Amino acid sequence: MATIESFRKLLKYLIVYSKVPGVEMWTAPGKFKPASYYVSFHIIVYFVSTVWTLKKYSDDPIHMMKVLITLGTAVQLYIKFFVGHSKSKEVIVFSNKIEQEVFEQNKNRTAGETVLLKQTGYILWFFFRFVTALATIVVLAFGLYPLFAYNVNGVVMPLFLYELPFYDWSTTIGYVVNMMFQVNLLVIGTIGAMLFDFLYFMYAMYTMVKADIFIIHLGELEKMLNDPLTMKKNQSSVREKWVQCMFEHQQTTNFLNSIEDIFGLMCLAQVSMGVFTICDAMLLVALTDWYPTYSFLLVMFIELSLYFLIGHLIEQKIDAMYNKIISMPWFKLPVKEQKEFRFLMSRQQCPMMLTAYGFHPMNFEAYMSVYNSS
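Below is a summary of the structure that appears in this document. Quick caveat, the model's predicted, so the values are computed rather than measured. (Residues numbered from 1 in each chain as written. Predicted model: local features only at pLDDT ≥ 70, side-chain atom pairs only at ≥ 80, totals over all residues. Heavy atoms only, no water.)

## Overview of the overall build of the protein
- When helices and strands are tallied, the protein shows 13 helices and zero strands.
- Each helix and strand of the protein, placed in order from N terminus to C terminus, yields the pattern α-α-α-α-α-α-α-α-α-α-α-α-α.
- Once the C-alpha set of the protein is aligned to its principal axes, its extents read approximately 90 × 40 × 30 Å.
- Expressed as a percentage of the 374 residues in the protein, the buried residues total 52%.
- Once local pairs closer than 6 in sequence are excluded, the contacts in the protein between residues at least 24 apart make up 78%.
- Accessible surface, the protein as shown: approximately 17,900 Å² in total, 67% of it carbon and sulfur.
- Positive and negative side-chain charges in the protein, numbering 30 and 28 respectively, have mean positions lying 9 Å apart. (Helix = DSSP H or I, 4+ residues; strand = E, 2+ residues; numbered from the N terminus. Buried < 20%, exposed > 50% of the residue type's maximum accessible area, 1.4 Å probe, protein only. Contact = heavy atoms within 4.5 Å. Areas by Shrake-Rupley, 256 points an atom, 1.4 Å probe, with all protein chains shown as cover. Lys, Arg positive; Asp, Glu negative; His and termini not counted. Charge placed at Lys NZ, Arg CZ, Asp CG, Glu CD.)

## Observations concerning the nonpolar core
- Among the nonpolar cores identified, the biggest contains 95 residues, and Met-202 and Tyr-203 are the most heavily contacted of them.
- Membership of the second largest hydrophobic core comes to 18 residues, among which are Leu-218, Cys-245, Phe-341 and Leu-344. (Core = buried A, V, L, I, M, F, W, Y, C linked by side-chain atoms within 4.5 Å.)

## As for the environment of Thr-70
- Mapped onto the elements, Thr-70 comes out in the loop between helix 3 (61-68) and helix 4 (71-86).
- Residue classification places Thr-70 among the buried positions, given a relative accessible area of 9%.
- Linking Thr-70 and Leu-161, residues 91 residues apart in sequence, is a C-alpha distance of 9.1 Å.
- Side-chain polar atoms of Thr-70 contact the backbone oxygen of Val-67, separated by 3.4 Å. (Polar contact = N/O pair within 3.5 Å; in protein donor to acceptor, adjacent residues only side chain to side chain.)

## Brief notes about the packing of helix 10 (residues 235-287) against helix 12 (residues 335-349)
- At a minimum axis separation of 12 Å, helix 10 and helix 12 run at an interaxial angle of 15°. One finds that helix 10 runs roughly parallel with respect to helix 12. Crossing geometry of helix 10 relative to helix 12 is assigned as left-handed. Counted together, Arg-239, Trp-242, Met-246, His-249, Thr-253 and Asn-257 of helix 10 and Lys-336, Glu-337, Glu-340, Phe-341, Leu-344, Arg-347 and Gln-348 of helix 12 form the full contact between these two elements.
- When its residues are assigned to classes, the contact of helix 10 with helix 12 shows four nonpolar, four polar and five charged. (Axes fitted to C-alpha atoms, helices over the stretch in contact; angles between N-to-C directions. Parallel < 35°, antiparallel > 145°, perpendicular 65-115°, else oblique. Left-handed = near helix turned anticlockwise from the far one by under 90°. Nonpolar A, V, L, I, M, F, W, Y, C, P; charged D, E, K, R; others polar.)

## Considerations on the side chain of His-85
- Looking at the element boundaries, His-85 is found in helix 4.
- His-85 gets classed as buried once you look at its relative accessible area, which sits at 8%.
- A polar contact is formed between the side chain of His-85 and the backbone oxygen of Gly-22, at a distance of 3.0 Å.

## Some thoughts on the layout of surface pockets
- Considering only enclosed or pocket space, the largest pocket measures out at about 1,000 Å³ in volume.
- Those elements giving two or more residues to the lining of the largest pocket turn out to be helix 2 (34-56), helix 4, helix 6 (111-143), helix 8 (172-225) and helix 11 (292-327).
- Counting residues per element, the lining of the largest pocket draws most heavily on helix 8, at ten residues.
- Partitioned by chemical class, the residues of the lining of the largest pocket number 31 nonpolar, seven polar and two charged.
- The space that makes up the second largest pocket amounts to roughly 190 Å³.
- Lining the second largest pocket we find Lys-66, Tyr-145, Phe-148, Ala-149, Val-152, Asn-153, Val-155, Met-157, Asp-289, Trp-290, Tyr-291 and Pro-292.
- When residues of the lining of the second largest pocket are assigned to their parent elements, the largest contribution, five residues, is made by helix 7 (residues 145-153).
- Here the residues of the lining of the second largest pocket sort into nine nonpolar, one polar and two charged. (1 Å grid on protein atoms, 1.4 Å probe; cavity = no way out; pocket = protein on both sides within 12 Å on 5 of 7 lines; lining within 4 Å. Points joined across faces, edges and corners; volume = space filled by probe spheres on them.)

## Concerning a nonpolar patch on the surface
- Taken together, the side chains of Phe-126, Phe-130, Leu-134, Leu-298, Phe-301 and Ile-302 present a nonpolar region at the surface, about 580 Å² in accessible area.
- Every element with two or more residues in the nonpolar patch is listed here: helix 6 and helix 11.
- We classify Leu-298 as exposed; its relative accessible area is 52%. (Patch = residues over 30% accessible without salt bridge, like charges linked within 9 Å, V, L, I, M, F, W, Y side chains within 5 Å. Salt bridge = Lys/Arg side-chain N within 4 Å of Asp/Glu carboxyl O.)

Everything listed is a geometric property; what it means functionally is a separate question.
Below you can see the structure in the form of structure tokens.
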């Protein structure tokens, strides 16, 4: 699983997933395909229908809250849709960086690097299968809701409570048409969420791998500096290892900057719309016994927690890089390398973290503040 073929196989799945919502970041970067217009049409119909339904039931606050339970998810997915189009070239560049700077550049890797890449490969494949299985269960759970409502309460219900303008689901034809629109949105939205969430997770994992490789090589340099024989007879190898560490630190920094550039706005959309959905769902839990609320609450809680967890892990990895740098016996380096070490320290002290488009960091402190506010 640590091979470049394994990474490319994962990319093939993501390329297939990207065709469904019309965000073909790898095969047609920045271009709107027929699927893109199809999704945009459905989203526009959804927004118009939601406004229409809210106006129709303006005297029933509980029903309005039930209608709005899907709004946060729809908004954040459509924002991710446009970010995916606008950042498609950056996504391709990042994928190429992973191939070249994680796999091809480290062909003669040590046992520690091999174990690290194998573990990352296993984690990615496990998470990919887990997300696929979870998404399938969620779709089935939502799909069975109308049948559950009919068997328990004896009423005919759609998947979601928004209604098409002038064509509600009180008639047989109206019900069928509304269900067709809603099933389309459910399937496309689920695949879109899987695409962007797994892409975020995969890129973050390989960013942390790049940081770990830097830490491993810095540890090798530290051993060389603590070996008097190596310092006396083989200074060229010390210089070579130092240059490698400097180069990999620069690459790791570029990885961190790239992931922030691609996913910063997505994180902001995820957090803001996630808080909106959770607040709405918590009110519905307190005021009603509408069981779909728990499904929305659980899905949004897991998704939001995942985004913050990854941001926290990246922050910890940055701290580990800093701790490894300051613990290194830099004073044993030759004079030229000591001067270069100051540049390394200066760059490492500049803030490097994943943020929600610069508004707040994606870490556990922000996570707790978000949930306290919701």
